[in-house]
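Below are the chains, spelled out letter by letter.
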Amino acid sequence: MNLRPAPLTGIRVLDLTRVLAGPWCTQNLADLGAEVIKIERPGAGDDTRGWGPPYIKDEAGNDTTEAAYYASANRNKQSVALDIATERGAELVRQLAKDSDILVENFKVGGLRKYGLDYDSLKEINPALIYCSITGFGQTGPYASRPGYDFMIQGIGGLMSITGERDDLPGGGPQKAGVAVADLMTGMYSTVGILAALHERTRSGLGQYIDMALLDCQVAMLANQNLNYMTSGVAPKRAGNAHQNLVPYQVFACADGHLIVAVGNDSQFKAYCQVIGRPGLSDDIRFKTNSNRVINREVLVPMLVDAMRTQERNYWLDALEKVGVPAGPINTIDQVYQDPQVQAREMMLDLPHAAAGHAPVGASPLRLSGSPVAYRHAAPLLGEHTEVVLRERLGLSEAEIRQLIGS
């Protein structure tokens, strides 16, 4: 098969982001082939460089200074250490922006204006620039000036009100998600917005400004729960591992552990009842349809709980798979990477790394047949590409580079 270059080959991205939402977005663009230059503070860099342990290990098994958190969101990028608070540093970033296609930043609202790196300033020198700002609350509204972090956004945006065990059961109460889903979803929505603007630019020839907010994305991603509220006027509550709209769709204890059963329609419920030895339940008017099962959840679920305790997990998994009822184990992350399906999909890779020799990365889930994701290297060291970018992109002399970086 003759593979074509990665989809965004030839696209230049200037990355002024740190932590997770912005870097997740720009890593997507880098994976798709874009040249991404990440501007970092000299001597410190992205905040997440210090968010360890754990750290990337070298070939001898010793810790490097590169935090795993930072490495998770910055592969395929070039790191340039420049101080934008200095006149010279800001000017060099403006020069990079002049021939970039995309700029992504997550400074506080208005924070880049004093450096001449805001959209209004840069569109004067590059009208085709697509400029994406990522903040906690967006560029408008009464909260616009507030800092926004994923944890608090999960709370403000309603996710924690529907996550966790029911309040009337042991362990009930507010619970955040196990990863920073508001950050990650904002990074994904930002990627979508940027790609849409890039496509529109082929018609207009013009860039545009993209205003992304963690809170907006968190509210939007409530999806069916939003509509549950909007159509009923009743705010959904925490349901633990159950589902507000489907029954049975939850975790069950079995003889030697736990598993998930996810019945999505009435025919699956009928098959499920056959497997667990309770065929009459699927003919009972109270449980025959999903709507009735939701209404009569408190009657049905205890009967299912009793049935599921009678056999071991693997017995149920094998039996349910044979009849097409969705079911699965609850894996720890080490078990995830031992799963044959995950291994077959090559979801963990090793990439070259300047300090460690090579480093593990979680693969992109994007699978393009003709122009696949381009894996070039793991997350860069702080300032690893400063000299080459200043020399090759901006034409600085060796003397100018030495003067700038103080060596």
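Above this text is the structure in question.
Residues numbered from 1 in each chain as written. Predicted model: local features only at pLDDT ≥ 70, side-chain atom pairs only at ≥ 80, totals over all residues. Heavy atoms only, no water.

Asker: Which parts of the structure should I look at to understand the sheet that holds strand E11 (residues 327–328)?
Answerer: Across a sheet, strands are paired by hydrogen bonds formed along the backbone, either parallel or antiparallel in direction. Spatial ordering of the open sheet is given by E9-E10-E11, a layout of 3 strands whose pairing is antiparallel. Where the open sheet ends on each side, the last strands, each with one partner, are strand E9 (249–254) and E11. In this structure, E9 lies alongside strand E10 (residues 257–262), joined through 6 bridges in antiparallel fashion. Along E10, the bridge assignment pairs Phe-252 with Leu-259. Sheet contacts for helix H12 (residues 313–322): E9, E10 and E11; angle to E10, the most-contacted strand, approximately 20°. (Pairing = 2+ DSSP bridges. Helix = DSSP H or I, 4+ residues; strand = E, 2+ residues; numbered from the N terminus. Contact = heavy atoms within 4.5 Å. Axes fitted to C-alpha atoms, helices over the stretch in contact; angles between N-to-C directions.)

Asker: Got a minute to help me understand helix H11 (residues 297–308) in this structure?
Answerer: Compared with an ideal rise of 1.5 Å per residue, which puts 12 residues at 16 Å, H11 spans 16 Å between its outermost C-alpha atoms and is within 8% of the ideal. Considered for burial, the residues of H11 that qualify are Arg-297, Leu-300, Val-301, Leu-304, Ala-307 and Met-308. Taken down its axis, H11 places every buried residue within 120° of arc, on the same side. Where the residues of H11 are buried, they touch E9, E10, helix H9 (266–275), helix H10 (290–295) and H12. (Expected span 1.5 Å × (residues − 1). Buried < 20%, exposed > 50% of the residue type's maximum accessible area, 1.4 Å probe, protein only. Arc of directions from axis to C-beta.)

Asker: Sorry, what's going on with the packing of helix H1 (residues 21–31) against helix H6 (residues 181–204) here?
Answerer: How two helices sit against one another is set out by the angle between their axes and by the gap between those axes. At a minimum axis distance of 7 Å, the contact between H1 and H6 shows a crossing angle of 45°. Classified by the angle between their axes, H1 and H6 sit oblique to one another. In this structure, H1 crosses over H6, and the sense of that crossing is right-handed. Residues Ala-21, Trp-24, Cys-25, Asn-28 and Leu-29 of H1 form the contact with H6, whose participating residues are Asp-183, Leu-184, Thr-186, Gly-187, Met-188, Ser-190, Thr-191, Ile-194 and Leu-195. Of the residues that constitute the contact of H1 with H6, the class distribution is 8 nonpolar, 5 polar and 1 charged. (Parallel < 35°, antiparallel > 145°, perpendicular 65-115°, else oblique. Left-handed = near helix turned anticlockwise from the far one by under 90°. Nonpolar A, V, L, I, M, F, W, Y, C, P; charged D, E, K, R; others polar.)

Asker: Honestly, the nonpolar core in this entry has me stumped. Any pointers?
Answerer: A general feature of soluble globular proteins is that nonpolar side chains tend to end up buried together. Membership of the largest hydrophobic core comes to 26 residues, with the highest contact counts inside it found for Leu-29, Ile-102 and Ile-194. Among the secondary structure elements, those contributing two or more residues to this core are H1, strand E6 (102–105), strand E7 (130–135), H6, strand E8 (209–213) and helix H7 (214–220). Setting aside residues no more than four positions away along its own chain, Leu-29 makes contact with Leu-8, Val-13, Ala-34, Ile-102, Thr-191, Ile-194 and Leu-195. Counting 25 residues, the second largest nonpolar core, distinct from the first, contains Ile-84, Leu-96, Ala-97 and Ile-401. (Core = buried A, V, L, I, M, F, W, Y, C linked by side-chain atoms within 4.5 Å.)

Asker: Sorry if this is basic, but what is going on with the sheet that holds E7 here?
Answerer: The parallel open sheet is built from 6 strands, whose spatial order is E5-E2-E1-E6-E7-E8. At either end of the open sheet lies a strand with only one pairing partner, and these are strand E5 (77–81) and E8. Along the sheet, successive strands turn relative to each other by an average axial angle of 20°, direction set aside. When strand E2 (residues 35–40) meets E5, the two strands line up parallel, connected through 5 bridges. Within E5, the position partnered with Ile-37 by the bridge is Gln-78. Helix-sheet contacts for H1 involve strand E1 (12–16), E2, E5, E6 and E7, and the interaxial angle to E5 is about 130°. Sheet strands touched by helix H3 (residues 87–98): E1, E2 and E6. Its angle to E1, the strand with the most contacts, is close to 150°.

Asker: I tried to follow the side chain of Thr-135 on my own but got confused; where do I start?
Answerer: With respect to the helices and strands, Thr-135 occurs in strand E7. Each residue touching Thr-135, except ones within four places of it in the same chain, is listed here: Phe-107, Val-109, Met-212, Ala-213 and Leu-214.

Asker: I'm lost on the state of the cysteines in this one. Help?
Answerer: By definition, a disulfide links the sulfur atoms of two cysteines through a covalent bond. Under the criterion given, the structure shown has 0 disulfides. Here Cys-217 stays unpaired: no disulfide links it, and the sulfur of Cys-132, its closest cysteine neighbor, is 9.3 Å away. For Cys-217, a relative accessible area of 4% corresponds to the buried category. Free cysteine Cys-273: the closest other cysteine sulfur is in Cys-254, separated by 18 Å. (Disulfide = S-S within 2.5 Å.)

Asker: How should unusual backbone geometry be read in this particular structure?
Answerer: The bulk of non-glycine residues show a negative phi, and the bulk of peptide bonds are trans. For the peptide bond that leads from Gly-52 to Pro-53, omega is 5°, which places it in the cis range. Mapping Pro-53 onto the fold places it in the loop between E2 and strand E3 (55–57). The backbone phi angle of Glu-346 is positive, close to 50°, even though this residue is not glycine. Mapped onto the secondary structure, Glu-346 falls in the loop between helix H14 (340–344) and strand E12 (348–353).

Asker: Can you walk me through the pattern of salt bridges in this structure?
Answerer: A side chain with one charge can pair with a side chain of the opposite charge if their charged atoms come near. Counted according to the given criterion, the structure contains 22 salt bridges. Between Glu-35 and Arg-12 there is a salt bridge, with its nearest N and O atoms 3.3 Å apart. Taken together, the positions of Glu-35 in strand E2 and Arg-12 in strand E1 put the pair 23 residues apart, joining distant regions of the chain. Taking relative accessible area as the criterion, Arg-12 reaches 27% and is therefore assigned partly exposed. Of the charged contacts in the structure, one is a salt bridge between Lys-38 and Asp-46, with a shortest N-O distance of 3.0 Å. Comparing Lys-38 with Asp-46, the two get one shared label, buried. Overlapping salt bridges, with partners in common, bring together Arg-12, Glu-35, Asp-99 and Arg-393 in one network. (Salt bridge = Lys/Arg side-chain N within 4 Å of Asp/Glu carboxyl O.)

Asker: Help me understand the pairing of E1, please; the structure alone is not making it clear to me.
Answerer: Of all 5 residues making up E1, 4 are buried, and the element is well covered by its neighbours. Where E1 and E2 come together, 4 bridges link them in parallel fashion. Bridged to Leu-14 within E2 is Ile-37. Handedness of the β-α-β unit built from E1, H1 and E2 comes out right-handed. (Right-handed = clockwise from strand over helix to strand, strands pointing away.)

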